[in-house]
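Tertiary structure, described
What follows is each chain in one-letter form.
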Amino acid sequence: MRRQISRDETFVPTFKVILSLFCMACAMYTMRVVQQLPSIAQQAILVNFQPVVPPIVMLWLWGARVKGLQADGVEYELCFAAKDRKHLMPGEDIQGLALLLGSIAAGLAALMCKLAAMQAYASTEMLPIVLYMGLFAVAFLPWPMPYPGSRLFFLHTFQRILTPLQTVSWADFLLADILCSLSKSCADFSRAICWLSTGPVMQSLVVPSFRAPEVCSPTATPQLVALCLPYIIRFIQCFIVHRTTGKRAQLWNAAKYFSGLPVLLLSAFEHDAHTANRPFPLRGTWLLACAFNSLFSYYWDVEHDWKMPWISRVWTEARQRKRAAQGPGQGSVVGPSSSVATKRAAALAPPPNAAHFTNSSSSTSLLAPSATNTSKHSSPGCLPLLQPQALHAPRSWYVWALCSNLVLRFLWMHRLVGRLEANEGLELLLALAEVWRRHQWVRIRIEVEINHVASIYSVGPTSPTARKAGIPMLWDRPNSGVSLGGG
């Protein structure tokens, strides 16, 4: 007997297709018309709409990642605290929310271009206010829409990271790290609020003597504070995690975020000087700070966040071969390097109950093969997660993630070529490239966290039947040892 298709199963996909077509049509219209507008109108549209594009794309990519995990039968929600799991939305609905927000932004951008082309500047000035109020209402307020609790949970988590004085949860750490990739959007949003607060900025098209106040400059104090705020939050979170867990690695993690602050500040002033054809006296310092932070961040991504101890593994095995070549009499003394090697070997050992860590609805293991089969991959150049059949992707994808992450970490070098950074469209594309880098980082980071949860799991099965029966899980207990890294 054929199953009868419900109305929702046909209406929702059709509605999403209509929204997607509407979004693309509005984007194409905006890109065509905006080139014909006066420069001040073009700048107003970019300043007010550019901040919302990367966050919406990030939300859609997060929905795609959740959707992929759910399709693979991976219980990614185990990474979150027990009280937070009930608020997690399905990936399909997250993508639908991102599509709705994108349609609102694209529609208002096209309407703003149309009104500006008609020289209806008074009405044009009101649309950015409608944009931000509409996006906030749809995304956060508990209207009679699906998942009001999930949207309030996101707002509560955002409030928690803005006041980082309590214990850091997985949701707090993940959202704060994602905001670090959206630091430019935070600065752009601050600048947009500044433009809205100064009154009708398009008044200069009617009154040529009118000029916007200098406070709306990209190097003004509010914009610089908004630019650095995500890094400051993660810097504080690292100290809180260090105080809670006593892990010394968190101090190095905090140093990584602290090294990013000079990069952000110097880059803002370098951009302002470069676009104005002025010499930048601290150019050498800026280059050194950017190179150091990029290399430090890439090292931390690979070695700590993705748990691919390539550099330290090569160094440790080289020390072991050197000690073995010296002979048993000279190499038998156990030193700090041997203890490091022992810890590395223990970290790569399979969890005690790895066989239990499967989803009852599928045969997909929640544990990557890297954690269960490392004996045949012991060469110095082998990365633990680069396995032929890894959890979410083939071996080649991890190679791609490593190489693309390195390239994207050094995208700031485009500023060394001519006046490319003066192109606002290129700056938006680079912001979206950072969003994609963070998406890849999250993909592997969730896999690593699942492996970590498996390694500390010691009692009881993980099936939904066991949960309904009230069997306690290790991750439902306080201080279960969830790792909090950062990229």
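What counts, and where the lines are drawn
Within any chain, residue numbers begin from 1 and follow the written order of that chain's sequence. Side-chain atom pairs in this predicted model are given and counted only at pLDDT of 80 or more, local residue features only at pLDDT of at least 70, and totals for whole chains, interfaces and linings cover all residues. Remark: hydrogens and water are excluded; side-chain values derive from all non-hydrogen atoms of the structure. Secondary structure elements are defined from DSSP: runs of H or I of at least 4 residues count as helices, runs of E of at least 2 residues count as strands, and each element is numbered from the N terminus. Residue exposure (1.4 Å probe, protein chains only): buried if accessible area is under 20% of the type maximum, exposed if over 50%, otherwise partly exposed. It only takes one pair of heavy atoms within 4.5 Å for two residues to be counted as in contact. Using a 1.4 Å probe, the Shrake-Rupley method yields the accessible areas, and only the shown protein chains count as cover for residues. The set of buried Ala, Val, Leu, Ile, Met, Phe, Trp, Tyr and Cys residues whose side-chain atoms join them within 4.5 Å is what this entry labels a nonpolar core. Grid spacing is 1 Å over the protein atoms alone, the probe is 1.4 Å, and a cavity is where that probe fits but cannot get out, while a pocket is an open set with protein on both sides within 12 Å along at least five of seven lines and lining residues have an atom within 4 Å of a point. Grid points are joined across faces, edges and corners, and a volume is the space filled by probe spheres set on the points. Any residue that is not Ala, Val, Leu, Ile, Met, Phe, Trp, Tyr, Cys, Pro, Asp, Glu, Lys or Arg is counted as polar, Gly included; the first ten are nonpolar and the last four charged. One side-chain nitrogen of Lys or Arg within 4 Å of one carboxyl oxygen of Asp or Glu is enough to make a salt bridge. To count toward a patch, a residue needs a relative accessible area above 30% and no salt bridge. Like charges then connect within 9 Å, nonpolar side chains (Val, Leu, Ile, Met, Phe, Trp, Tyr) within 5 Å. Lines fitted to C-alpha atoms define the axes here, with helix axes fitted over just the stretch in contact, and angles between the N-to-C directions of these axes take values from 0 to 180 degrees. Roughly parallel covers angles under 35 degrees, roughly antiparallel covers those over 145, roughly perpendicular covers 65 to 115, and oblique covers all other angles. Crossings are assigned a handedness: left-handed for a near helix turned anticlockwise from the far helix by less than a right angle, right-handed for a clockwise turn. Helix span is expected to be 1.5 Å times the residue number reduced by one. The predictor rates its confidence in each residue with pLDDT, a number between 0 and 100. Under the pairing criterion, centres of Phe, Tyr and Trp rings, with the six-membered ring standing for Trp, must be within 6.5 Å; the plane angle then separates stacked pairs below 30 degrees from edge-to-face pairs above 60, leaving the rest tilted.

**Focus: the overall build of the chain**
For the chain, the count of helices and strands is 18 helices and zero strands. For the chain, the proportion of its 487 residues judged to be buried stands at 47%. For the chain, the proportion of contacts with a sequence separation of at least 24, taken over those separated by at least 6, is 71%. Put simply, the chain shows about 24400 Å² of open surface, and 68% of that area lies on carbon and sulfur atoms.

**Re the environment of Ala192**
Mapped onto the elements of the fold, Ala192 is located in helix H9 (residues 183–197). On the basis of relative accessibility, which here comes to 0%, the residue Ala192 falls in the buried class. Setting aside residues up to four positions removed in sequence, Ala192 forms contacts with Val47, Asn48, Pro51 and Tyr132.

**Describing the nonpolar core**
With 41 residues, the main nonpolar core has Trp62, Phe80, Leu174, Ile444 and Ile446 as its most contacted residues. Looking at this core, the elements with two or more residues in it are helix H3 (53–71), helix H7 (148–162), helix H8 (170–181), helix H10 (221–245), helix H12 (283–305), helix H16 (395–409) and helix H17 (424–456). When residues of this core are assigned to their parent elements, the largest contribution, eight residues, is made by H8. Excluding anything up to four places from it in sequence, Phe80 contacts Trp62, Arg85, Leu88, Trp170, Ala171 and Leu174. Judged by nonpolar contacts, the second largest core, of 31 residues, contains Ala44, Leu97, Val138 and Ala192.

**A short note on empty space enclosed by the protein**
Taken as a whole and judged by the stated rule, the model has two cavities of 30 Å³ or more. Considered as a void within the structure, the largest cavity measures approximately 40 Å³ in volume. The wall of the largest cavity is formed by Met58, Leu61, Trp62, Ile178, His439 and Val442. Those elements giving two or more residues to the lining of the largest cavity turn out to be H3 and H17. Of the residues that constitute the lining of the largest cavity, the class distribution is five nonpolar, one polar and no charged.

**Re the layout of surface pockets**
To find the voids left in a structure, one rolls a probe of water-molecule size over its atoms. Computed from the structure, the second largest pocket encloses a volume of approximately 1500 Å³. Forming the walls of the second largest pocket are 43 residues, and the residues nearest its centre are Pro55, Phe140, Phe154, Phe158 and Leu175. Of all the secondary structure elements, the ones that give two or more residues to the lining of the second largest pocket are H3, helix H5 (91–117), helix H6 (121–139), H7, H8, H9 and H10. Looking at the lining of the second largest pocket residue by residue, the class counts come to 36 nonpolar, six polar and one charged.

**Some words on the pattern of salt bridges**
Pairs can form between side chains of opposite charge whenever their charged atoms are close. Across all of its chains, the model carries 13 salt bridges by this definition. Through salt bridges with shared partners, one network takes in Asp301, Arg409, Glu434 and Arg437.

**Structural notes on a nonpolar patch on the surface**
Nonpolar side chains collect at one region of the surface, where Phe154, Phe158, Leu162, Leu229, Ile232 and Ile236 lie side by side and expose about 440 Å² of accessible area between them. Taken together, the elements giving at least two residues each to the nonpolar patch come down to H7 and H10. Along the polypeptide, Leu229 turns up in helix H10.

**Quick look at the packing of H3 against H17**
The interhelical angle for the contact between H3 and H17, taken along N-to-C directions, is 25°, at an axis separation of 10 Å. As summarised for this structure, H3 and H17 are arranged roughly parallel, according to the angle between their axes. When you trace H3 past H17, the crossing you get is right-handed. Side by side, H3 and H17 meet where Val53, Pro54, Val57, Met58, Leu61, Trp62, Arg65 and Leu69 of the first sit next to Leu428, Ala431, Leu432, Val435, Trp436, Arg438, His439, Val442, Arg443 and Ile446 of the second.

**Points about helix H11 (residues 249–275)**
Its 27 residues place the ends of H11 39 Å apart at the C-alpha level, agreeing with the 39 Å of an ideal helix rising 1.5 Å per residue. Looking one or two residues beyond H11, the residue adopting positive phi is Asn277, at roughly 60°.

**Notes on the confidence of the model for the chain**
This prediction gives the chain a mean pLDDT of 76; 72% of its residues lie at or above 70. Between residues 1–7, whose pLDDT stays under 50, and residues either more than four places distant or in other chains, the model counts three contacts. A low-confidence stretch, residues 331–385 stays under pLDDT 50, and its non-local contacts, those more than four residues away or across chains, total 113 contacts.

**What about the packing of aromatic side chains?**
Any pair of aromatic rings gets described here by the distance separating the centres and the angle formed by the planes. Taken as a whole and assessed by the stated rule, the structure comprises 14 aromatic pairs. Arranged with centres 5.0 Å apart and planes meeting at 70°, the rings of Phe235 and Phe239 form a pair that is edge-to-face. Placement of both Phe235 and Phe239 in helix H10 is noted, with a separation of four residues, approximately one turn of the helix. Using a relative accessible area of 38% as the deciding quantity, one classes Phe239 as partly exposed.

**Some words on the side chain of Ser181**
Mapped onto the secondary structure, Ser181 falls in helix H8. Leave out the neighbours within four places in its chain, and Ser181 touches Met58, Glu434, Arg437 and Arg438.

**Comments concerning the environment of Leu430**
Within the secondary structure layout, Leu430 lies in helix H17. You can call Leu430 buried: its relative accessible area is 18%. Sequence spacing of Leu430 and Leu411 is 19 residues, and the spatial spacing of their C-alpha atoms is 7.5 Å.

**Focus on unusual backbone geometry**
Of note, Gln119 is a non-glycine position whose phi angle comes to about 65°, a positive value. Within the secondary structure, Gln119 sits in the loop between H5 and H6. Within the chain, Lys307 stands out as a residue other than glycine whose phi angle is a positive 50°. For Lys307, the location among the structural elements is in the loop between H12 and helix H13 (310–325).

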